[in-house]
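Geometric and topological summary
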Amino acid sequence: MTAIVEAIDLVKEFDAGGGMLGKGKKVYAVSGVSFEVQRGETFAIVGESGCGKSTLARTLSRLIAPTSGDVLVQGTSVGALKGRGLRDLRSKIQFIFQDPFSSLNPRMSVGALIAEPMEVHRPDLNAKQRRAETAQLLRQVGLRAAHMDRYPHEFSGGQRQRIGIARALAAKPEILIGDEPVSALDVSVQAQVINLLADLKTEFGLTLIIVAHDLAVVRHMSDRIAVMYLGRIVEIGDADAITANPRHPYTQALMSAVPEARIDANRNPILLEGEIPSPINPPSGCRFRTRCAFAKAICAEKIPLLETTKDGREVACHFHKEIPVSDYGSETQALPEAAKRRFALFRGAVNARKENKTQQGEYQ
Ligand SMILES: Nc1ncnc2c1ncn2[C@@H]1O[C@H](COP(=O)(O)OP(=O)(O)O)[C@@H](O)[C@H]1O
Ligand code: SF4
Ligand SMILES: [Mg+2]
């Protein structure tokens, strides 16, 4: 089976820009990332702010070109695409942005915002068809057809994100990439939007690639998770396996640092000490070594490569066989209460969808 999206040794380096610190230096944002996403899968990319998630997501959809490496979409290299080929790719892969306030042009009506991708990618539709489809899309994302004549500022953050999702769907994509699609929203609204995405995935037969800094957001909606640290994947595999038994020291720390977990942490969470190092000058060898409790001399010398473990996941750590495996259990029962509540919030959203319970009333 050909993967619908394949990243091959992707590298993205930026010029660090002028100024005392940056002159002549590079930002190593993404440093050799490879993975495959299968059709119909929900694939999550997780890691702290600054680890290169947005850069990777933008490279996948060719919003930016990689420094080296390639992206294959349905087996075709996107690096060489131009003109019509690139336009086709753009309709196939659509993007949902993090900030629903800045990503929608305030001067365009909701109807015009949703019709725009249809004009670009589906020129066969006439104005009447575009209007009918816009009305339908608005209903499918939980808004009303009458909202078409209103403007983005009249809506809440959650509703604006729904408009952004309708706009992405208007191009009839096969792949939807969400770059932290709920992180700017209130916690109560986050679960609703995750629920909506899971629903639309089934309804439209989509492949979802979701970027998040919070494991709780993606755990229950994802089939597989890739954990990123400073531009590299450190652990990748089945979403349940990785969250129940994280093996890489960074994934273990990320699990116990789920938002709110710090507030009433009562189970010795492995708190991440210090800031994520600068990607302008990443640590040699294992990039996590400056914050890793298990680091030894070899960690500074040799880059750990991804190795497949018995359960089929891949881990990039020289000592993954010796480091104790965290056991959070299938329902994360070993986590502190607040973290458990956060996981449950998103599990509830996904389960409600599975049981076909529709939410009543206006979405906030
Ligand atoms: N256009 C750019 N020019 C220079 N540096 C950039 C640019 N875009 C991102 N970066 C840097 O690349 C690193 C990764 O950024 P990003 O991909 O946005 O991470 P994340 O989405 O995980 O927060 C950061 O250090 C960021 O400052
Ligand atoms: S390779 Fe070394 S520094 Fe990196 S995660 Fe493993 S033990 Fe820690
Ligand atoms: Mg980002």
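Only a predicted model underlies this, so the values are computations on that prediction, with no experimental measurement involved.

Criteria and thresholds
All chains use their own residue numbering, which begins from 1 and follows the written sequence. All chains are assigned letters beginning at A, and all ligands numbers beginning at 1, according to the order in which they are written. The predicted nature of this model means local features are confined to residues of pLDDT at least 70 and side-chain atom pairs, given and counted, to a pLDDT of 80 or more, with totals for whole chains, interfaces and linings taken over all residues. Secondary structure elements follow DSSP: runs of H or I of four or more residues count as helices, runs of E of two or more count as strands, with numbering from the N terminus. Counting other C-beta atoms within 10 Å of its own, a residue is labelled buried from 20 upward, exposed at 12 or fewer, and partly exposed in the gap between, with every C-beta atom placed from the backbone. As used in this record, a residue near a molecule or strand is one whose C-beta atom, placed from the backbone, is within 6 Å of it. Three residue categories are used. Nonpolar comprises Ala, Val, Leu, Ile, Met, Phe, Trp, Tyr, Cys and Pro, charged comprises Asp, Glu, Lys and Arg, and polar comprises the others, including Gly. Strand pairing is assigned whenever DSSP detects at least two bridges linking the two strands. Once C-beta atoms have been placed from the backbone, residue pairs whose C-beta atoms lie within 7 Å are recorded as contacts. Axis angles are defined between N-to-C directions and span 0 to 180 degrees, where every axis is a line fitted to C-alpha atoms and, for a helix, only to the segment in contact. For every residue, the pLDDT score states the predictor's confidence, bounded by 0 at the bottom and 100 at the top. For this classification, under 35 degrees means roughly parallel, over 145 means roughly antiparallel, 65 to 115 means roughly perpendicular, and everything else is oblique. Buried Ala, Val, Leu, Ile, Met, Phe, Trp, Tyr and Cys residues whose C-beta atoms connect them within 7 Å together make up a nonpolar core.

Our focus in this paragraph is the overall build of the chain. Within the chain, the secondary structure is distributed over 12 helices and 12 strands. The 364 residues of the chain split such that 44% are buried.

What follows deals with the site of ligand 1. Around ligand 1, the structure places Phe14, Val27, Ala29, Gly47, Ser49, Gly50, Cys51, Gly52, Lys53, Ser54, Thr55 and Pro279. If you list the elements that add at least two residues to the shell around ligand 1, you get strand E2 (26-37) and helix H2 (53-60). Broken down by element, the shell around ligand 1 gets its largest block of residues, 3 residues, from H2. Its residues assigned to classes, the shell around ligand 1 shows 5 nonpolar, 6 polar and 1 charged.

So, on to the site of ligand 2. Pro249, Cys286, Phe288, Arg289, Cys292, Phe294, Ala295, Cys299, Pro304, Cys317, His318 and Phe319 make up every residue found near ligand 2. Split by residue class, the shell around ligand 2 holds 10 nonpolar, 1 polar and 1 charged.

Strand order in the open sheet formed by 8 strands is E6-E7-E8-E3-E9-E10-E12-E11, and the pairing between neighbours is mixed. In the strand order of this sheet, the two ends are held by strand E6 (93-96) and strand E11 (307-308), each with one partner. Taken together, the 5 bridges between strand E7 (residues 175-179) and strand E8 (residues 207-212) define a ladder with parallel strand orientation. When the sheet's bridge partners are listed, Leu176 is paired in E8 with Leu208. On top of the sheet, helix H10 (residues 249-256) reaches strand E9 (224-229) and strand E10 (232-238); it is set at about 105 degrees to E9, its chief contact.

Residue position: Gly50 is located in the loop between strand E3 (42-46) and H2. Its 18 C-beta neighbours within 10 Å are what place Gly50 among the partly exposed residues. Separated by 226 residues in the primary sequence, Gly50 and Ile276 place their C-alpha atoms 7.8 Å from one another. Those residues in contact with Gly50 that lie beyond four places of it in its chain are Ile276 and Pro279.

Another aspect to go through is unusual backbone geometry. Its identity is not glycine, yet Asp9 carries a phi of approximately 45 degrees, on the positive side. Position of Asp9 relative to the elements: it lies in strand E1 (residues 5-15). Even without glycine at this site, Leu230 takes up a positive phi of about 45 degrees. Within the fold, Leu230 resides in the loop between E9 and E10. Taking the C-beta count within 10 Å as the criterion, Leu230 has 25 such neighbours and is therefore assigned buried.

This next bit is on the confidence of the model for the chain. Across the chain, the average pLDDT comes to 87, with 84% of residues at 70 or higher. Contacts of residues 260-269 to residues separated by more than four positions or lying in other chains number 21 contacts, the stretch itself having pLDDT below 50. The low-confidence segment residues 356-361 (pLDDT under 50) makes 2 contacts with residues lying over four places distant or belonging to another chain.

The contact between helix H4 (residues 110-121) and helix H6 (residues 157-169) brings their axes to 7 Å, and the two run at 30 degrees. By the angle between their directions, the pair H4 and H6 is classed as roughly parallel. Contacts between H4 and H6 pair Val110, Leu113, Ile114 and Pro117 from the former with Ile163, Ala166 and Arg167 from the latter. Tallied by class, residues from the contact of H4 with H6 come to 6 nonpolar, no polar and 1 charged.

Further remarks concern the nonpolar core. Where a protein is soluble and globular, its nonpolar side chains tend to be buried together. Ala44, Val46, Ala166, Ile209, Val218, Val227 and Ile233 are the most contacted members of the largest nonpolar core, which has 90 residues in total. In contact with Val46, not counting residues within four places along its chain, are Ala212, His213, Leu215, Val218, Ile225, Val227 and Met228.

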